[in-house]
Amino acid sequence: MLNNCNILFKKNFITPTWPAPLNVSALTTVREGGSSVEPYDSFNLALHVGDDSRKVLANRAQLKLQANLPQDPLWLTQTHSTRVVNVGDFTDPNNAKNPIDADASVSFQPNQVCAILSGDCLPILLCNKSGTRVGAIHAGWRGLSAGIVEAAIHKLDCDPVTLLAWLGPAIGPTVYEVQADVLSAFKEYQSEATFKPKQNGRWLANIYQLARMRLKELGVMAIYGGEFCTYQESERFYSFRRSDITGRMATLIWYSHP
């Protein structure tokens, strides 16, 4: 069994060490090493944040080359929805000009790249133990409470016990300050481990723990990751909470023939 606290840094990527099948590849990008200039410096992969589109597309091309992606990722327009799409349903994965409205994607075929963008929200990667199904989820608190994880697991159409999950870089529990609406959205998960009250009438939320509880409730027991804080690690990650004009990281997963 691999130690989920060990993380491999390579070039512009964080590669999770989880006991996924050897034919499954996964990574999260960091903000360093790209073409974008301040305040998007420098490896911004999002077209919707106001960055120069030519630089974003150059960063995406660099990502494909450095990560040795088998094809272009299926980029999504994320709206904190519960919509999940199958990458195989789209004939043109190079969809930078016409992204798909969804907050998660899955794949049942080799060499199809699932991708989500984030800058504080939680990326969740899923794969089955046989290495034949993968998925990527964009889980902000709205999507998490609305059921994006449930929708993605349903779309994967396999026994949740056979799934592994990795929690990518998100805003950490010591700085993720929320108001009463977030607390109310997770009534069944309120505990000292998920919400800590502050003197200003707000709470510190642990989105990692909320995701773990939701995954376990759904039957996913093999859960890894959750060590980072996008807000506090400013040199490595973008954070919308820290800077409302900023870039986004990408979290990707795909598999090759076993």
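Enquirer: Quick one: what's the story with the packing of aromatic side chains, residue by residue and with numbers?
Expert: Going through the model one piece at a time under the given rule, you end up with two aromatic pairs. Arranged with centres 6.3 Å apart and planes meeting at 40 degrees, the rings of phenylalanine 186 and phenylalanine 195 form a pair that is tilted. By relative accessible area, which is 5% here, phenylalanine 195 ends up buried. Ring centres 5.4 Å apart and planes at 75 degrees place the aromatic pair phenylalanine 228 and phenylalanine 237 in the edge-to-face group. Here phenylalanine 228 matches phenylalanine 237 in class, with each residue buried. The ring of tryptophan 75 has arginine 60 lying over it, and the distance from NZ or CZ to the ring centre is 4.1 Å. Its guanidinium or amino end placed over the ring of phenylalanine 108, arginine 133 lies 4.4 Å from that ring's centre, counting from NZ or CZ.

Enquirer: Give a detailed account of the side chain of arginine 248, specifying residues and quantitative values.
Expert: Relative to the assigned elements, arginine 248 resides in the loop between strand 15 (222-225) and strand 16 (249-255). Summary of buried charges: arginine 248 has no salt-bridge partner, and the nearest side chain of opposite charge, aspartate 120, is 7.7 Å away. For arginine 248, the side chain forms a polar contact with the main-chain oxygen of threonine 246, separated by 3.4 Å. Once residues within four sequence positions are removed from consideration, arginine 248 is found in contact with Phe43, Asn44, Leu45, Ala46, His48, Val49, Leu117, Ser118, Gly119, Tyr238 and Phe240.

Enquirer: Any details on unusual backbone geometry? Residues and values, ideally.
Expert: The peptide bond linking glutamate 38 to proline 39 adopts the cis configuration, its omega dihedral lying at 10 degrees. Here proline 39 shows up in the loop between strand 3 (24-29) and helix 1 (53-66). Residue serine 42 follows aspartate 41 across a cis peptide bond; omega there is -5 degrees. Of note, the phi angle at asparagine 111 is positive, near 70 degrees, even though the residue is not glycine. Along the chain, asparagine 111 falls in the loop between strand 7 (104-107) and strand 8 (114-118). For asparagine 111, a relative accessible area of 30% puts it in the partly exposed group. For aspartate 157, which is not glycine, the phi dihedral falls at a positive 55 degrees. Mapped onto the elements of the fold, aspartate 157 is located in the loop between helix 3 (148-156) and strand 11 (163-167).

Enquirer: Can you break down the sheet that holds strand 9 (residues 122-128) residue by residue, with the values?
Expert: Taken in spatial order, the six strands line up as 5-7-10-9-11-15 in an open sheet, and their pairing is mixed. In the strand order of this sheet, the two ends are held by strand 5 (84-86) and strand 15, each with one partner. With strand direction ignored, the average angle separating the axes of adjacent strands in the sheet is 20 degrees. Two elements, strand 9 and strand 10 (residues 134-139), share six bridges in a ladder whose sense is antiparallel.

Enquirer: Run through the nonpolar core, naming residues and quoting values.
Expert: Formed by 41 residues in total, the largest nonpolar core has its most connected members in Leu122, Ile124, Ile137 and Leu215. Excluding anything up to four places from it in sequence, leucine 122 contacts Ile137, His138, Ala139, Gly140, Leu167, Gly168, Ala170, Ile207, Tyr208 and Ala211. Counting 22 residues, the second-largest nonpolar core is a separate cluster that includes Ala26, Val85, Cys114 and Tyr224.

Enquirer: Before we move on, could you go through the sheet that holds strand 14 (residues 203-205) and cite the residues and values that matter?
Expert: Across the sheet, which stays open at both edges, the three strands sit in the order 12-14-13 with antiparallel pairing between neighbours. Both outer strands of the open sheet, strand 12 (177-178) and strand 13 (195-197), are each paired with one neighbouring strand and no more. Here strand 12 pairs with strand 14 via two bridges, running antiparallel. In the sheet register, valine 178 faces strand 14, and the bridge partner there is tryptophan 203.

Enquirer: Give a detailed account of the environment of glutamate 192, specifying residues and quantitative values.
Expert: With respect to the helices, strands and loops of the structure, glutamate 192 is situated in the loop between helix 4 (180-185) and strand 13. Among the residues examined, glutamate 192 registers a relative accessible area of 55% and is labelled exposed. C-alpha of glutamate 192 to C-alpha of isoleucine 14: the two residues are 178 residues apart in sequence and 30 Å apart in space.

Enquirer: Requested: an account of the layout of surface pockets, with residues and values cited.
Expert: What the largest pocket holds in volume is close to 760 Å³. Forming the walls of the largest pocket are 32 residues, and the residues nearest its centre are His80, Cys121, His138, Phe240 and Arg248. Sorting the residues of the lining of the largest pocket by element identifies strand 4 (76-77), strand 8, helix 2 (141-146), strand 12 and helix 4 as the ones contributing at least two each. Of the residues belonging to the lining of the largest pocket, the class tally is 15 nonpolar, nine polar and eight charged.

Enquirer: Explain the pattern of salt bridges to me, and be specific about the residues and the numbers.
Expert: One pass over the structure, following the stated rule, counts eight salt bridges. The shortest N-O distance in the salt bridge between arginine 54 and aspartate 52 comes to 3.0 Å. Looking at arginine 54, the relative accessible area reads 65%, which means it is exposed. Three or more residues are tied together by salt bridges with common partners; here these are Glu150, Glu188 and Arg214.

Criteria and thresholds
Here the residue index of a chain counts from 1 through its sequence in written order. The predicted origin of the model limits local features to residues at a pLDDT of at least 70 and limits the giving and counting of side-chain atom pairs to 80 or more, whereas totals for whole chains, interfaces and linings rest on all residues. Water and hydrogen atoms play no part in the side-chain values, which are based on all heavy atoms of the structure. A pair of Phe, Tyr and Trp rings is counted when the ring centres sit within 6.5 Å of each other, with Trp represented by its six-membered ring. The angle between the planes then sorts it: under 30 degrees is stacked, over 60 is edge-to-face, the rest tilted. Throughout this description, buried means an accessible area under 20% of the type-specific maximum (1.4 Å probe, protein chains only), exposed means over 50%, and partly exposed covers the range between. Only when the NZ of Lys or the CZ of Arg is both within 6 Å of the ring centre and within 35 degrees of the ring normal is a charge said to sit over the ring. By the criteria applied, helices consist of DSSP H or I runs no shorter than four residues and strands consist of E runs no shorter than two, each listed in order from the N terminus. Neither His nor the chain ends contribute to the count of charged residues, in which Lys and Arg are positive and Asp and Glu negative. We define a salt bridge as a contact between a side-chain nitrogen of Lys or Arg and a carboxyl oxygen of Asp or Glu at a distance within 4 Å. As used in this structure description, the phrase polar contact means that two N or O atoms lie within 3.5 Å; if the pair is within protein, one of them must be able to donate a hydrogen and the other to accept it, and residues adjacent in sequence are counted only when both atoms belong to side chains. Contacts are residue-level and defined by heavy atoms, with any inter-residue pair within 4.5 Å sufficient. The rule for pairing is simple: two strands pair if DSSP sees at least two bridges between them. Only C-alpha atoms enter the line fits that serve as axes; for helices the fit covers just the stretch in contact. Angles between N-to-C directions range over 0 to 180 degrees. Nonpolar cores were defined as sets of buried Ala, Val, Leu, Ile, Met, Phe, Trp, Tyr and Cys residues, with membership established by side-chain atoms within 4.5 Å. Here a cavity denotes a set of grid points, spaced 1 Å apart and computed over the protein atoms alone, in which a 1.4 Å probe fits but from which it cannot get out, and a pocket denotes an open set meeting protein on both sides within 12 Å along at least five of seven lines; residues with an atom within 4 Å of a point are reported as lining. Grid points are joined across faces, edges and corners, and a volume is the space filled by probe spheres set on the points. Asp, Glu, Lys and Arg are counted as charged, while Ala, Val, Leu, Ile, Met, Phe, Trp, Tyr, Cys and Pro are counted as nonpolar; the rest, among them Gly, fall into the polar class.

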